[in-house]
Amino acid sequence: MLSAVGLVKQVGSGRAARLILDGATLEVAAGELVAVVGRSGSGKSTLLHLLGGLDRPDAGAVELDGVRLDRLRERDLARVRADRVGLVFQFFHLVPELSGIENVALPTRLAGGGRRAGRRRAARLVEQLGLDAVAGALPQTLSGGEQQRFAVARALVNDPPLLLADEPTGNLDRDSGAVVTELLRDLARAGRAVLVVTHDADVAAVADRVLALEHGRLVPALGPEELAAR
Amino acid sequence: MRRRRPSRTSSIAGGALGEALLRLRRRPRRALLAALGVLAAATMLGAAVTVSFGLATGYDRAAERADLPDVIARFDDQPLTRVDARVRALPDLAAASYRQEALDVPLAAPGHATGGGAVELLRGGRRGYAVVAGHDLPARRPAIVIERGLAREWGLGVGDRLRVGSLRPLPIVGVVVAPDNVAYPLASAAHVYLSAAAIGASLGARIPANVNVAQLWLRDRGQEDVVLAQARATSAGLSGLTFVTRNGVEVLIDQAGGIVIALLVAVSLVALAAAGAMLAASWRAEVQRQLPSIGARRSIGFSRGDVTALNGFEAALVAAPAAAAGLALGALLAGGPSARLLEALNELPPGAALLGPLALTWLAVVALVAAAAAWPAWRAASRGPVALLRGGDVAARRLGGLSATRGLLALGARLVVSRRARFLATVLVLAVSTGFVLLLLSLASLLQSLEHDPGSVGKRYQLTVRLGERDVGRVEAVPGVASAAPRLVVEGADSYALGETVKLVAYPGDHARYEAPPLVSGRREHGPGEAEVGQGLAQSLGLSVGSTLAVALPTGGEARWRVAGIVRGLDNDGRIAYVRPDRLLSAGVGAAATLAVRLQPGADSDAVAHRLAAIAPNGVATAVGGATSRSAPFLGTVATLVRAVAAVDAIVCFFALVQALALAARERLAMVALLRALGAGRAAIARLFLGAALVLVVPAVALGAGLERVLLGPAVARLAAGYAALSLGATAAQALLVAAALVLLAALAAGWAARRAEREPIPAALREP
């Protein structure tokens, strides 16, 4: 499903230049939930951005379903993001003027397919995530957990095979975080490839594999049970 | 030795200046965008200042440089010695000079000829004109200097030759400007100047020592009334005596410039107001962009004053070069047409004198921009650092009718509308600009119609031919001619106020068949004892329906009519009266020597004129123009000027849109990045910004059209010609054209904003909320 080989990324220039990724390599299969952990500033989010086609590596390759993302033009990359990748962010990034359900439906305006079908999918997802009672509310009136669930619904509305989540529980209390973690686990079980960048041991605990980002490279981390035990 | 410590104020100022420079260097593109906004507004101001200053001061400047006399006395030919004796007896006289003026003298140069030359035979003394090329008349050698209007119209210059009457061709040694009249061909007579002594010596003939013009310079211009009263008292024996004062000439010139000068000054004032609003709005937008930066400074201990000073300095540093460039550009754009306009009025362009007002305007623009930047920064700095650090976070507001499910256009519209105050301010700026462009377009159309369309001033005849009443039958037999009638024109003066001139136009029958200016009140005249008077004349003489119009005629007689109606007439500034010829003929005025000719629908005017020339070789057939066909180049110049100002205004509109979108993009950096992360390409982001631009443009067009129709058009028309009702409303086609242009500008601005947004890295924008 998703593979990355030898990813290199440097940020800054001159004396401020810093090598964030230095040959990072990974694979995520359909139905698999992979967690990436690491210190703050170790490059977890940068890795996620490269995998999601939000940024381009200085070297290395990212391949999604056989398509080399690092070689695509910006227009084609946008199409891949619309159709094949779902993104969830730590800060939710819901559009403040749009209601919860409108936020969920927003990507359907960007991908192909009918408007009405998109609205139906959005409504179904909102219902599945238990958000129908607050579907018409503006983000500022929602709890963090509700906002993140709307964000997950938005990431899923175009039915992408790959879901990338950047610290999805980082801004949530323990209970809300548990709901979102369970949701991600369910999505992987349903056949999607899910990659989560996290500091949260509870999230890592439900992952099929946990990778640690150290010195710009991905290495297998402790097994889930050991991590949770810590 | 104790070193003096720098004061806190100077250290803050120095620090702020240095930091402002640093910030500008670090963000060159943002500085460039702000500079472009200032440049656009300054360009408009530069054009307005150039036109307004040139027109407002042109006469005084030309009069000073030409040493225009304080009083010009005209009279029938008199011996020089007799006139001089009386003039020398006048009080407070500083100097006097004399000349003999001969009108309708044939002038000819290769490829050009006119029978309307005004030859001024100078008798020495001060000239009353300014030499703008070559030099003045030599004392002995026969030579000629000509007025600038003639030189330009005929392409003559120093060294060329001009034939005057029956004299052999004379070398042109100078080109002069005499602001006692408008220039040829706006004035019917082309003025040329000769030295009586030199001509006499050259021809070996004795030039009669008669003069008919005396130019008087006073020691104290405030004593003008005393001198005139004395001159009138001692004028016995001088027939045909009239006086024109320097101030009086200015009034006459202003009348000749008529409608257009007042219109231009009016539109320049509107331009000034629009440009001011633009400047203030654009920098308020810039401070909005800087909110996070202000928040960061406040959070580390910067005072409100420090933040304000920094923004003021930064704004001034951006505004100073941009305003200078904009003012220079505006002056350059408007300078050419404005100079041609001044030339037509026999006035001089301001030249270096324009630098003063432009420098003041520059200072005002820089101060305004600095204040506009400092004030919102001062206000913004009063907010808590946390709120500021969130940048331009927009309080979410539910907005009916703009559902996001309708697409990115609607979402873009929501982004802009959610900032209500700024939305209204931007719409207002665009609306004023739109109304202004519509006003200028309708003005240009009106000027063109005045120039070419006789119907625009109520004339229903298309040709005139120099033939008498007895030739009516022959003319009407010419194919293409519908009818012809003798048209008698007499210049008279009001019997009670001899300074008030009246143009009498007489037709033997119903004049409305040939000239039908719209009635304001009363009815059409029905007989020899009735008159229809123009609104200008009615206003100046206090005439109303039922009152008596008494006119002193050139023959010395007087004729009276009862006012039957008041009409709207542009001709002769509305100082016109339509009458039957009976009473004029009874008072000794000669019969009409001109026929007004109406053509059949679809008849070719040139072909009919050609046929008329065949039956009347001496009766020149002339096509009828609009308000005054002689002033065609003048009106054409004004129309060009007006269009140039409209183009500058369009640029201002574009930058208002770009600024609004750039600000929305900056405030919604994270949202735009999110949309891109969700798969929005450049086209989708362009749709988003197009929605944002359209929601500004659509109400602005509607508001601007209404503004022009209800407020600007009528106000400017009234200001231009209180004596006539000008139709100064934009047509539906013009409104559609402006709307289409604005939509195009909106699309361009949206494309630009989308392209710019695409260059922002998505992860950086998404890093923080």
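Residue positions within a chain follow its written sequence, with the count starting from 1. For naming, the first written chain is A and the first written ligand is 1, with later ones following in the order written. Owing to the predicted nature of the model, reporting of local features is limited to residues with pLDDT of at least 70; listing and counting of side-chain atom pairs is limited to 80 or more, with chain, interface and lining totals taken over all residues.

## Remarks on the overall build of chain B
For chain B, the count of helices and strands is 22 helices and 21 strands. Counting every position in chain B, which comprises 769 residues, the buried fraction comes to 49%. Here, residues touch in the contact sense if the C-beta positions derived from the backbone fall within 7 Å of one another. In chain B, once contacts between residues fewer than 6 apart in sequence are set aside, the share between residues at least 24 apart is 84%. Labels follow the DSSP assignment, with helices taken as runs of H or I lasting at least four residues and strands as runs of E lasting at least two, numbered in each case from the N terminus. The burial criterion counts other C-beta atoms lying within 10 Å of a residue's C-beta, which is placed from the backbone; the residue is buried at 20 or more, exposed at 12 or fewer, and partly exposed between these limits.

## Concerning the overall build of chain A
Along its length, chain A carries eight helices and ten strands. The buried share of chain A, reckoned over its 230 residues, is 49%.

## Observations concerning the environment of D166(A)
Residues and elements named next belong to chain A. By the secondary structure assignment, D166 is in strand β7 (residues 162–166). When the 23 C-beta atoms within 10 Å are taken as the criterion, D166 is described as buried. Remark: the alpha-carbon pair of D166 and V88, spanning 78 residues in sequence, is separated by 6.1 Å. Residue contacts for D166: discarding those within four places in its chain leaves S45, L48, V88, F89, Q90 and V197.

## Points about the sheet that holds strand β2 (residues 18–28) of chain A
All names here are of chain A. Only when DSSP finds a minimum of two bridges between them are two strands counted as paired. The sheet built from four strands is open, its strands ordered β2-β1-β4-β5 with antiparallel pairing. At either margin of the open sheet sits one strand with a lone partner, and together these are β2 and β5 (67–68). Two elements, strand β1 (residues 2–11) and β2, share eight bridges in a ladder whose sense is antiparallel. In the sheet register, S3 faces β2, and the bridge partner there is E27. Docked against the sheet, helix α1 (residues 44–51) engages β1, β2 and β4 (59–64), running at close to 125° with respect to β1. Note on geometry: axes are lines fitted to C-alpha atoms, helical ones only across the stretch in contact, with angles between N-to-C directions running from 0 to 180 degrees.

## Overview of the interface of chain A and chain B
At the junction of the two partners, chain A supplies 30 residues and chain B supplies 27 residues. Those elements that place two or more of their residues in the side of chain A that touches chain B are α1, α2 (74–83) and α3 (100–105) of chain A. The leading source of residues in the side of chain A that touches chain B is α2(A), at seven residues. Classification convention: Asp, Glu, Lys, Arg as charged; Ala, Val, Leu, Ile, Met, Phe, Trp, Tyr, Cys, Pro as nonpolar; all other residues, Gly among them, as polar. Partitioning the side of chain A that touches chain B into residue classes produces 16 nonpolar, four polar and ten charged.

## Some thoughts on the environment of L21(B)
If you trace the backbone, L21(B) turns up in helix α1 (residues 8–26). For the pair L21(B) and V318(B), spaced 297 residues apart in the sequence, the C-alpha separation amounts to 9.4 Å.

## Let's talk about the sheet that holds strand β10 (residues 217–220) of chain A
Residues and elements named next belong to chain A. Reading across from one edge, β6-β7-β8-β3-β9-β10 is the order of the six strands in this open sheet, with mixed pairing throughout. For this open sheet the edge positions go to β6 (85–88) and β10, each flanked by a neighbour on one side alone. The mean angle between the axes of side-by-side strands here comes to 20°, regardless of whether they run parallel or antiparallel. Of the pairings in the sheet, the one linking strand β9 (residues 209–214) to β10 comprises four bridges and is antiparallel in character. If you follow E214 over to β10, its bridge partner there is R217. Helix α6 (residues 174–189) contacts β3 (33–37), β7 and β8 (193–197) of the sheet and is inclined by roughly 150° relative to β8.

## Overview of the packing of helix α9 (residues 304–344) of chain B against helix α10 (residues 355–380) of chain B
Residue and element names in this part refer to chain B. At a minimum axis separation of 7 Å, α9 and α10 run at an interaxial angle of 150°. Judged by the inter-axis angle, α9 sits roughly antiparallel to α10. In this structure, α9 meets α10 at a crossing whose hand is right-handed. In the contact of α9 with α10, the residues fall into 19 nonpolar, four polar and two charged. Should an angle fall under 35 degrees it is taken as roughly parallel, and over 145 as roughly antiparallel, whereas 65 to 115 is taken as roughly perpendicular and any remaining angle as oblique. Should the near helix be turned counterclockwise from the far one by less than a right angle, the crossing is left-handed, whereas a clockwise turn marks it as right-handed.

## Considering helix α21 (residues 732–759) of chain B
Take the number of residues in a helix, subtract one, and multiply by 1.5 Å to get its expected span. Counted at 1.5 Å a residue, the expected span for α21(B) with its 28 residues is 40 Å, and the 41 Å between its end C-alpha atoms agrees. Along α21(B), the residues classified as buried are A735(B), V738(B), L742(B), L745(B), A746(B), A749(B), A750(B), A753(B), A754(B) and A757(B).

## Some details on the confidence of the model for chain B
On average, residues of chain B score 78 in pLDDT, and 78% of them are at 70 or above. We note a pTM of 0.59 for the whole complex and an ipTM of 0.82 for its interfaces. The quantity called pLDDT is the predictor's confidence in a given residue, expressed from 0 to 100.

## Section: the packing of helix α5 (residues 144–156) of chain A against α6(A)
Residues and elements named next belong to chain A. Look at α5 against α6: their axes get within 9 Å of each other, and the N-to-C directions meet at 15°. As far as their axial angle goes, α6 and α5 are roughly parallel. For the crossing formed where α5 meets α6, the hand is right-handed. Note on element contacts: α6 touches α5 through S176, V179, V180 and L183, opposite G144, G145, Q148, R149 and V152. Here the residues of the contact of α5 with α6 are counted per class, giving four nonpolar, four polar and one charged.

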